[in-house]
Amino acid sequence: MDLEKGPREEPGGEGRLAVALRMPVRIVVLVLVVPVRMVWDALVVAGRFLGDRVFRPVGRALLWVGRAVLVWPFVALWRWVLVPLWRWVLVPLGVALRWLGTVLVVVPAAALYRWVLTPLGHAAVWFCARVLTPLGRGLFVVPAVWLYRWVLTPVGHALLWCGRGLAWLGSLLVTGIGTALYRTVRVLVVLPVYAVWRRLLAPVGRALAVVAREVGAAFGHAWRIAGYISLAVGRALAVFFRWTLVEPARWVYRTVLTPVGHAVRDAVLRPVAEAARSVGRVTRDALRSVRVTARQVRRDVRRALGMPAGPAGIGRRERRPAGR
C-alpha cells in the first residue's frame with residue numbers, strides 16, 4: 001500500500017508544500033485513526049449482535065403487547081359497540097331528526113320565502129328602479145360629472161406636471177450623489193480590499209486549501225488502512241476464541257454429552273414412553289368397554305320398562321365406538 005500516491009501537481013509553491021506535508025501528516029493521522037477505527041468496528045459488531053439478538057426480539061414482544069393492550073381493545077370496541085350503536089341507534093335517530101327538522105324548519109322557511117320575502121323583494125326592486133334611481137341621478141350624478149370634468153381634471157393635470165418636474169429634479173440630484181458616493185467608496189474601500197485579497201488573502205487561502213486537501217486525503221488513506229488492520233485483528237481474535245472456547249465446547253458436546261444423552265434416551269426415556277403409551281392404550285380400551293356396557297344396560301332397561309328405542313339410533317350408537 002503506497003502512501004505516496006496522490007494527484008500530480010505542477011511544480012510551484014503549492015506542489016512543494018503538498019509534497020512536504022503529505023508523508024508527516026499521513027503518518028500522524030494513521031497513528032491517531034487506527035484506535036478509532038478498531039473501536040468503531042467493535043461497536044459495529046456489538047451493535048449488530050444486540051440488534052439481532054436483543055432489540056429485535058424485544059421489539060417484537062413490545063409490538064405484540066402494544067397490539068394486545070392498545071389496538072385489539074379499540075378494534076373490539078369499534079366492532080362490537082360503536083358500529084352496532086351507530087347502525088341501530090344513531091342512524092334511526094338521525095333519520096327521525098332530519099324528518100322533524102324538515103317538517104318544523106324547512107317547510108315553514110320555504111313558505112315564508114315564497115309568500116312573504118319574495119313579494120317584498122320584488123316591491124323593493126320596483127321602488128328602487130322607478131323612484132330612487134331617477135332621483136339619485138338628478139341629485140348626485142349630474143353635479144358629480146360636472147365637478148369632475150371642469151374642476152378635478154384641470155387640477156389633476158397641473159399637479160401631474162408639477163410632479164414630473166419634481167421627479168426629474170430629484171432623479172438628477174440622486175444620480176449626482178450616487179456617482180460621487182460610488183467613486184468615493186471605490187477609491188477608499190473597494191480598491192484597498194481588492195489589493196488585500198489579491199496580495200494576502202488569496203495566497204493564504206490557497207495554502208490552507210492545500211493543507212486541508214492533504215489532511216483530508218491522509219484521513220481517507222488512514223481510515224482504509226485502519227480498516228485492514230482492524231479486520232486482521234478481528235480475524236485473529238476470532239481464531240483465538242474458536243480454538244480456546246468453541247472447539248473445546250464442541251469436543252465436549254460431541255464426545256461426552258452426546259453419548260450420555262443417547263444412553264439416557266435409550267435406557268430411560270424410551271422405556272418410560274413405551275410404558276406410558278401402553279397404559280394409555282389399556283385405559284382407552286377399558287373406557288370403551290365401560291361405555292359399551294353402559295349403553296347395553298340402558299337399552300335393556302328401556303326394553304324392560306316398555307319404552308320405545310329406535311333400532312336405527314341404537315345401532316348407530318353401538319356402531320360409533322367401533323368406528324373410533
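Asks: Summarise the overall build of the protein chain; cite the residues concerned and give the values.
Replies: Within the protein chain, the regular secondary structure consists of two helices and zero strands. Contacts spanning at least 24 positions in sequence make up 64% of the contacts within the protein chain whose residues lie at least 6 apart. Put simply, the protein chain shows about 26800 Å² of open surface, and 73% of that area lies on carbon and sulfur atoms.

Asks: I'd love a proper account of the packing of aromatic side chains, names of residues and values included.
Replies: By the definition in use, this model includes two aromatic pairs. Between the aromatic rings of Phe240 and Phe241, the centroid separation amounts to 5.6 Å while the plane-to-plane angle is 70 degrees, which identifies the pairing as edge-to-face. Here Phe241 falls in the partly exposed class, since its relative accessible area comes to 43%. When the ring centre of Trp243 is taken as reference, the NZ or CZ atom of Arg242 above it lies at 5.5 Å.

Asks: Outline the nonpolar core, listing residues and values.
Replies: Grouped together as the largest cluster of nonpolar side chains are seven residues: Val25, Val29, Val33, Val34, Ala218, Ala222 and Ala226. Among residues more than four places away in sequence, those in contact with Val33 are Phe219, Ala222, Trp223 and Ala226.

Asks: How would you sum up the pattern of salt bridges? Please name residues and give values.
Replies: Counted according to the given criterion, the structure contains eight salt bridges. One salt bridge connects Glu247 with Arg242, and the closest N-O pair in it is separated by 3.3 Å. Taking relative accessible area as the criterion, Glu247 reaches 18% and is therefore assigned buried. Classification of Arg242 by relative accessible area gives partly exposed; the value is 43%. For Arg288, the salt bridge identified is with Asp285, shortest N-O distance 3.0 Å. Residue Arg288 and its partner Asp285 are both found in helix H1 (residues 13-305); the two are separated by three residues, about one turn of the helix. Linked through salt bridges whose partners overlap, the residues forming this network are Arg242, Glu247 and Arg250.

Asks: Got a sec to walk through the environment of Val34? Specific residues and values, please.
Replies: Along the polypeptide, Val34 turns up in helix H1. Distance from Val34 to Gly227, taken between C-alpha atoms, is 7.9 Å for residues 193 residues apart in sequence. Excluding anything up to four places from it in sequence, Val34 contacts Ala226 and Ile229.

Asks: Describe the confidence of the model for the protein chain, and please don't skip the residues or the numbers.
Replies: Looking at the protein chain as a whole, its pLDDT mean stands at 81, while 89% of the residues score no less than 70. Note that pLDDT drops below 50 for residues 1-13; the model gives that stretch 17 contacts with residues more than four away or on any other chain. Confidence over residues 311-324 falls short of pLDDT 50; this stretch has 10 contacts with residues more than four positions distant or in other chains.

Procedures and definitions
Residues numbered from 1 in each chain as written. Predicted model: local features only at pLDDT ≥ 70, side-chain atom pairs only at ≥ 80, totals over all residues. Heavy atoms only, no water. Helix = DSSP H or I, 4+ residues; strand = E, 2+ residues; numbered from the N terminus. Contact = heavy atoms within 4.5 Å. Areas by Shrake-Rupley, 256 points an atom, 1.4 Å probe, with all protein chains shown as cover. Phe/Tyr/Trp six-rings, centres within 6.5 Å; stacked < 30°, edge-to-face > 60°. Buried < 20%, exposed > 50% of the residue type's maximum accessible area, 1.4 Å probe, protein only. Lys NZ or Arg CZ within 6 Å of the ring centre and 35° of its normal. Core = buried A, V, L, I, M, F, W, Y, C linked by side-chain atoms within 4.5 Å. Salt bridge = Lys/Arg side-chain N within 4 Å of Asp/Glu carboxyl O. pLDDT = per-residue confidence, 0-100.

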